[in-house]
Amino acid sequence: MTSEQIEFLKTLIETPTPTGSESAGALLLGRRIKAKTGLRPTIDLHGNLHAVLDVGAKTTVMIEGHGDEIGYIVSYIDDRGYVYLQALGGIVVPLTAAERLTILTKNGPVNGVVGARPPHLAKGEKVLPDDLRNLPCDIGASSKAEAEALVSVGDSAVVDSGFRPLAGTRVSGRGFDDRIGTFAMCEAFIRLATAAQKPSVNVHYVSSVCEEIGLVGGRLASYAVHPTIGISCDVGFAVAPTGDDIKVSGDQQLGKGAALAVGPIYHKGLLAHMRKTAADHQIAVQERAVPKGAGNNGWAMKMERGGTAVAQIAVPLRYMHSPVEVLDLKDVESVIELTTCAVQGLTDDFNLLPEQP
């Protein structure tokens, strides 16, 4: 990845895009595509970003990542000015304690902190509660009226944790799930749209909304686009080889390439094409077993309007759904390259049907 790509990624990751409030990220991605390709992306009424490269083919490939991150929504403000929150997506509740939050309001961002009870006062009780009702956000207000002048019920919030370079090509940040996936698909789309040899199939890029609360944007976009083939990019577990996690999640490691999903819902012919593409172009890949319908937009594409032939690519990620997610930029490049080359290798004649009787 180039320094320019990394700088854009940093900007994207530091832009709050909690579920239901993805517009700032969608604008960044859309404006990048417009500047790089000359194509004009659109944002639909649900908030999904669409960019289309139409080459007049019968086959349309939808490449997708979801643009939302986990976060919070303001649910109540008490008489002392404390702000109470509910989760948007899979929050690990105890991690909320002692965090700095940014609340997104109609008048701009408002800073807040979630206090942790001093251990001196805990007297053997939990220092870190596991219920958000016991973790109010302190925005500095001293009354309900003062707080309500700043924030409103329904405002969303994220942890104030930015992009941080680590050793080598590894980086940490909030919300790589799944802004890294939609970034990778965006970069693949730009490569396909600006290649000297255009692909032989139509390419439709989507940065979808509200994945974290039920694959909402992915389902709506898949129904509208009705692609022949879908390639969805999300994050996958990169776990330390200790305990039992590795026995369930598999041994995907940072720096060893994109992780292809293998399982009943993923199209075997398309998976074979991805494997061959990786081998032919010497692209590092790993594989992970997914035994059932997955909680990602590969499942959404698979199930809409008669179904789509789907492949799922994951960027290996440590500490998923925390403010300090860690990944390796080499794996992101692997995803971009694999997606680009795999789409370039598709034609209208690509046979998706199994052997017939």
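Here goes a summary of the coordinates provided. Model, not experiment: these values are computed from the prediction.

**Notes on the pattern of salt bridges**
Side chains that differ in charge, positive against negative, can pair when their charged atoms come close.
Stage number 1. Evaluated as defined, the whole model comprises 15 salt bridges.
Stage number 2. Between Arg-174 and Glu-69 there is a salt bridge, and its shortest N-O distance comes to 2.6 Å. Placement of the pair is Arg-174 in the loop between strand 11 (170–173) and helix 5 (176–194) and Glu-69 in the loop between strand 3 (60–66) and strand 4 (71–77), with a sequence separation of 105 residues.
Stage number 3. Of the charged contacts, one joins Arg-191 and Glu-337 as a salt bridge, the two residues approaching to 2.9 Å between their closest N and O atoms. Of the two residues, Arg-191 sits in helix 5 while Glu-337 sits in helix 10 (residues 329–344), which places them 146 residues apart along the sequence.
Stage number 4. On the accessibility criterion, Arg-191 (26% relative accessible area) is partly exposed.
Stage number 5. Judged by relative accessible area, which is 27%, Glu-337 ranks as partly exposed.
Stage number 6. Residues joined in a network through salt bridges with shared partners are Glu-4, Arg-32, Lys-36 and Glu-187.

**Here's the deal with the sheet that holds strand 16 (residues 309–317)**
Stage number 1. Spatial strand order, 1-2-12-3-13-16-14-15: 8 strands in an open sheet with mixed pairing. Here the strands that pair on one side only, and so sit at the sheet edges, are strand 1 (42–43) and strand 15 (285–289).
Stage number 2. Note that strand 13 (residues 229–237) and strand 16 share 9 bridges and pair parallel. By the bridge assignment, Ser-232 is partnered in strand 16 with Gln-312.
Stage number 3. Strand contacts of helix 5: strand 2 (49–53), strand 3, strand 12 (202–208), strand 13 and strand 16, with the helix running at about 145° to strand 3, the strand carrying the most contacts.

Reading the values: the criteria
Residues numbered from 1 in each chain as written. Predicted model: local features only at pLDDT ≥ 70, side-chain atom pairs only at ≥ 80, totals over all residues. Heavy atoms only, no water. Salt bridge = Lys/Arg side-chain N within 4 Å of Asp/Glu carboxyl O. Helix = DSSP H or I, 4+ residues; strand = E, 2+ residues; numbered from the N terminus. Buried < 20%, exposed > 50% of the residue type's maximum accessible area, 1.4 Å probe, protein only. Pairing = 2+ DSSP bridges. Contact = heavy atoms within 4.5 Å. Axes fitted to C-alpha atoms, helices over the stretch in contact; angles between N-to-C directions.

Interpretation note: all reported values are geometric properties and have no functional meaning in isolation.
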